[in-house]
Amino acid sequence: MEDVAQQAVPASVLLVDDEPNVLSALSRMLRHEGYVLHTAGDGLAALAILEREPIDLVLSDAMMPGMDGVELLSRVQQQWPECLRLLLTGQCDLAATVRAINEGRIYGYLSKPWDDEGLRLTLRQALQYQHTEREQKRLEALTQDQNRELAELNASLEQRVEARTQELKQTADMLEVAFRELRKSYVTATKVFSSLINQRLPPRFQTNAKVGVLVQAFAKELGLDEAQQHDLQLAAALYNLGKLAWNDRLLATPAERLSVQQRESYRLYPATGENLLMALEHMEGAAKIIRHHRERWNGSGFPDRLKGEAIPLGSRLLGLAVDFIELQRGMILPRQVMRPQALELLQKFAGRVYDPSLCQAFVTLCRDKAPDLESQGRPVLALETRKLEPGMVLAEDIHSTSGMLLLHEGKRLDTHLIDKLIRLEDAENTRYTLLVYREEEADE
């Protein structure tokens, strides 16, 4: 797929903000990106530029005197629907963001103060998305033209029909490639938005990446189809979207320590996340997963108190992954739970909170393959002490049955340490399972 920056005609970008210093900063940051840049200090000036110039993308501030950013992008959507629309808004202006999604059908939004690299990446992804859609429309029009030509051919001209059929097959293959690229751009753009959401969360509570790895591995283990895996990827990246309306204190409070009033706000976030995504047609599957990922197997969850298999499979899977990671980060209980104990807690609540069969499969996956511990493609093995080999490196701290730290993460094992672990097992009449990786694989 041709990169946007390599197209023969550079993309035309219109920047709109009533603050000259903001326009100057945006222009300075984007001047080496290869775009044709236009600037406007208010909505009317922006509309005048759109009347006389072909604009590919409008990035507008939300709060401006006179015509605000939401009204401007709504008018752009009505008059120039193919022009992409991005909103630049303050972190607390959730209402303006929701209006922009519903009225302006925006591609996305960015928070002030923005991250330069994040903004550049969002613009590139937006223009790539636009290019892919235009290419798909061109190919669809080409297919329609070729179908009309085929209808006019003389049926007796078998050779010409065969040649045209081959051309149509090639076009169909190109359409399939374009469609896959479009789906890929959706996932990439969603991950960009997820990284922006994480800017509001304390580093310890930025769980989306870990949850995404777990969900992807578990979906493959269960043999889910491509569409289900796609929706789960999007849901894992955006399940925290509804928390954008929370204040910083609520964000940093473990679920078990919430007050009655805070708990009411907490219980709204899955439905809020769904509502923010429903205006985007390709997000409907992910939005439904997000809405129900806090339901419980026994019907005591929220927001709809669904029970058993009435809870969508993707939501049951996402809920397991979210709780497993958030237990370890101290987001549910007032303390951080060690990984083995987190798995034990999941099993303890199977049949009440979690689908029992799905929970057992999830725990088995985490113990045997540990996808959440993989780093940069490095595989982690779960091995008994007698299967350990010198040179292996611990991927997780090891504690005795009394809770004392025996060996820390990153410790390289040798024959002496392995023998000591075996003797300790015999003395305590227990068996340890260690999470390790091979040192040569870490160095590659």
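Residues numbered from 1 in each chain as written. Predicted model: local features only at pLDDT ≥ 70, side-chain atom pairs only at ≥ 80, totals over all residues. Heavy atoms only, no water.

Per an unreviewed UniProt entry, the recorded name for the chain is Response regulator, and the organism is Halomonas sulfidivorans.

Asker: Can you break down the UniProt feature "modified residue: 4-aspartylphosphate" (unreviewed entry) in the chain residue by residue, with the values?
Answerer: The feature "modified residue: 4-aspartylphosphate" (unreviewed entry), as annotated in UniProt, sits at Asp61 in this numbering. Position of Asp61 relative to the elements: it lies in strand β3 (residues 57-61). By relative accessible area, Asp61 is classed as buried at 5%. Ignoring anything within four residues of it in the chain, the contact list for Asp61 reads Val16, Asp17, Asp18, Gly69, Leu87, Leu88 and Lys112. (UniProt positions renumbered as here; feature names shortened; annotations may be inferred. Helix = DSSP H or I, 4+ residues; strand = E, 2+ residues; numbered from the N terminus. Buried < 20%, exposed > 50% of the residue type's maximum accessible area, 1.4 Å probe, protein only. Contact = heavy atoms within 4.5 Å.)

Asker: Provide a residue-level description of the pattern of salt bridges, including the pertinent values.
Answerer: Using the criterion set out here, one finds 23 salt bridges in the structure. For Arg138, the salt bridge identified is with Glu135, shortest N-O distance 2.8 Å. Within this pair, Arg138 and its partner Glu135 are both found in helix α5 (residues 116-152), separated by three residues, close to a single helical turn. One salt bridge in this structure joins Asp426 and Arg431, with 3.9 Å as the shortest N-O distance. Here Asp426 falls in the partly exposed class, since its relative accessible area comes to 47%. (Salt bridge = Lys/Arg side-chain N within 4 Å of Asp/Glu carboxyl O.)

Asker: Could you give an account of the packing of helix α7 (residues 208-222) against helix α14 (residues 356-368), with specific residues and numbers?
Answerer: One can describe the packing of α7 onto α14 by two numbers: an axis separation of 11 Å at closest approach and a directional angle of 115 degrees. Taken together, α7 and α14 sit at an angle that is classed as roughly perpendicular. Considering the relative orientation of α7 and α14, their crossing is right-handed. Across the interface between the two elements, Leu214, Ala217, Phe218, Glu221 and Leu222 of α7 pack against Leu358, Ala361, Phe362, Leu365 and Cys366 of α14. Taken together, the residues of the contact of α7 with α14 break down into nine nonpolar, no polar and one charged. (Axes fitted to C-alpha atoms, helices over the stretch in contact; angles between N-to-C directions. Parallel < 35°, antiparallel > 145°, perpendicular 65-115°, else oblique. Left-handed = near helix turned anticlockwise from the far one by under 90°. Nonpolar A, V, L, I, M, F, W, Y, C, P; charged D, E, K, R; others polar.)

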